[in-house]
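Chains, contacts and geometry: an overview
Now for the letters of each chain:
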Amino acid sequence: AEATSNHKNAKEAVNPGSVNNDVFLPRHVVKELFDRNTANHSGKRDIYIGHLKILRNTALVSNAAVDIYKEFKVHKELMKNLFVVFVKDEVGLDLGQALRQKIQKDPTGIHDLRTCSFIVDAVSALMQKCPDMLVELVDMPSTKKEPTLMEFLKIAPLAMPVTDPALLSSTLGCYDTVLRHYP
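In what follows, the accompanying structure is described. Only a predicted model underlies this, so the values are computations on that prediction, with no experimental measurement involved.

**Brief notes about the pattern of salt bridges**
Scanning the model with the defined rule gives five salt bridges in all. Linking Arg27 and Glu71 is a salt bridge whose minimum nitrogen-to-oxygen distance equals 3.9 Å. Placement of the pair is Arg27 in helix H2 (residues 24-34) and Glu71 in helix H5 (residues 63-71), with a sequence separation of 44 residues. Exposure remark for Glu71: the relative accessible area of 52% places this residue in the exposed category. The closest approach of N and O atoms between Lys70 and Asp132, which form a salt bridge, is 2.5 Å. Here the residue Lys70 occupies a position in helix H5, and Asp132 occupies one in helix H9 (residues 131-138), the gap between them amounting to 62 residues.

**Structural notes on the environment of Asp176**
Along the chain, Asp176 turns up in helix H11 (residues 165-181). Between the C-alpha atoms of Asp176 and Gln128, which are 48 residues apart in sequence, the distance is 9.8 Å.

**A look at the environment of Ser62**
As for its placement among the helices and strands, Ser62 is situated in the loop between helix H4 (45-61) and H5. By relative accessible area, Ser62 is classed as buried at 7%. Residues Ser62 and Glu12, spaced 50 residues apart in sequence, show a C-alpha to C-alpha distance of 10.0 Å. Here Ala64 takes part through its backbone nitrogen, which lies 3.3 Å from a polar atom of the side chain of Ser62.

**Remarks on the packing of helix H8 (residues 113-129) against H11**
Running from amino to carboxyl end, H8 crosses H11 at an angle of 15°, the nearest separation of the two axes being 8 Å. By the angle between their axes, H8 is roughly parallel relative to H11. In this structure, H8 meets H11 at a crossing whose hand is left-handed. Contacts between H8 and H11 involve Leu113, Cys116, Ser117, Val120, Asp121, Ser124, Met127 and Gln128 from the first element and Ala166, Leu167, Ser170, Thr171, Gly173, Cys174, Thr177, Val178 and His181 from the second. Taken together, the residues of the contact of H8 with H11 sort by class into eight nonpolar, eight polar and one charged.

**Digging into the packing of H2 against H5**
Angle between the axes and distance between the axes: these two values describe a pair of packed helices. Running from amino to carboxyl end, H2 crosses H5 at an angle of 30°, the nearest separation of the two axes being 9 Å. Where H2 crosses over H5, the two elements pack in a sense that is right-handed. Contact with H2, carried on its side by Pro26, Arg27, Val29 and Val30, involves Ala65, Ile68, Tyr69 and Glu71 of H5 and no other residues of that element. Tallied by class, residues from the contact of H2 with H5 come to six nonpolar, no polar and two charged.

**Details of unusual backbone geometry**
Notably, Lys73 is not glycine yet its phi reads approximately 55°, a positive angle. Inspection of the secondary structure puts Lys73 in the loop between H5 and helix H6 (74-86).

**Some points on the nonpolar core**
Residues Leu55, Tyr69 and Leu78 are the most contacted members of the largest nonpolar core, which totals 48 residues. Those residues within four positions of Leu78 in sequence are excluded, and the remaining contacts are Leu33, Tyr48, Leu52, Leu55, Ile119, Ala122, Val123 and Leu126.

**Quick notes on H5**
All of the buried residues in H5 are Ala65, Val66, Ile68 and Tyr69. The arc that holds the buried residues of H5, viewed along the axis, is 160°, so those residues lie on one side. Exposed residues on H5 whose side chains face more than 90 degrees from its buried face are Asn63 and Glu71. The opening residue of H5 is Ser62, an N-cap whose side-chain oxygen sits 3.3 Å from the backbone nitrogen of Ala64. Of the residues trailing H5, Lys73 is marked for its positive phi of about 55°.

Criteria and thresholds
- Residues numbered from 1 in each chain as written.
- Predicted model: local features only at pLDDT ≥ 70, side-chain atom pairs only at ≥ 80, totals over all residues.
- Heavy atoms only, no water.
- Salt bridge = Lys/Arg side-chain N within 4 Å of Asp/Glu carboxyl O.
- Helix = DSSP H or I, 4+ residues; strand = E, 2+ residues; numbered from the N terminus.
- Buried < 20%, exposed > 50% of the residue type's maximum accessible area, 1.4 Å probe, protein only.
- Polar contact = N/O pair within 3.5 Å; in protein donor to acceptor, adjacent residues only side chain to side chain.
- Axes fitted to C-alpha atoms, helices over the stretch in contact; angles between N-to-C directions.
- Parallel < 35°, antiparallel > 145°, perpendicular 65-115°, else oblique.
- Left-handed = near helix turned anticlockwise from the far one by under 90°.
- Contact = heavy atoms within 4.5 Å.
- Nonpolar A, V, L, I, M, F, W, Y, C, P; charged D, E, K, R; others polar.
- Core = buried A, V, L, I, M, F, W, Y, C linked by side-chain atoms within 4.5 Å.
- Arc of directions from axis to C-beta.

Following this line, the structure appears as structure tokens:
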């Protein structure tokens, strides 16, 4: 993940002539992000975050990588994982409203703000490069089980009595992406 944080290295990692070509690396990232054992196991959270960083970094430099992420609907999987990570237990009501109530009653009811921040950053990178994903996530209808991306962006900064700076930065960055790129 750290190797791809450098723009040049990220381009090289998805270069068709490199060992980790644009077919292999994004597909490996997809496989790891879809692995429920890695995504939901707190002991493997750093591995999951590493894959989120690779997704973000490769999406920003390679349209081929974005096409693979789009093909596997990674943005939808990330949204599912975002709500699993954000809420410790299932809430039976309208989840958007229930999350607000839960945060007001128990501000420590957030499982892992750091992971949420990295998921939002990855989703934001995908939306920057793929207008279809952006429109799909912004126009996503609200359901009783999961709040929409826009509802989450409103709720997330309320997570703690004093807003978590990383999560606030990620949500503001995602708002910026929506405002700049939404058609």
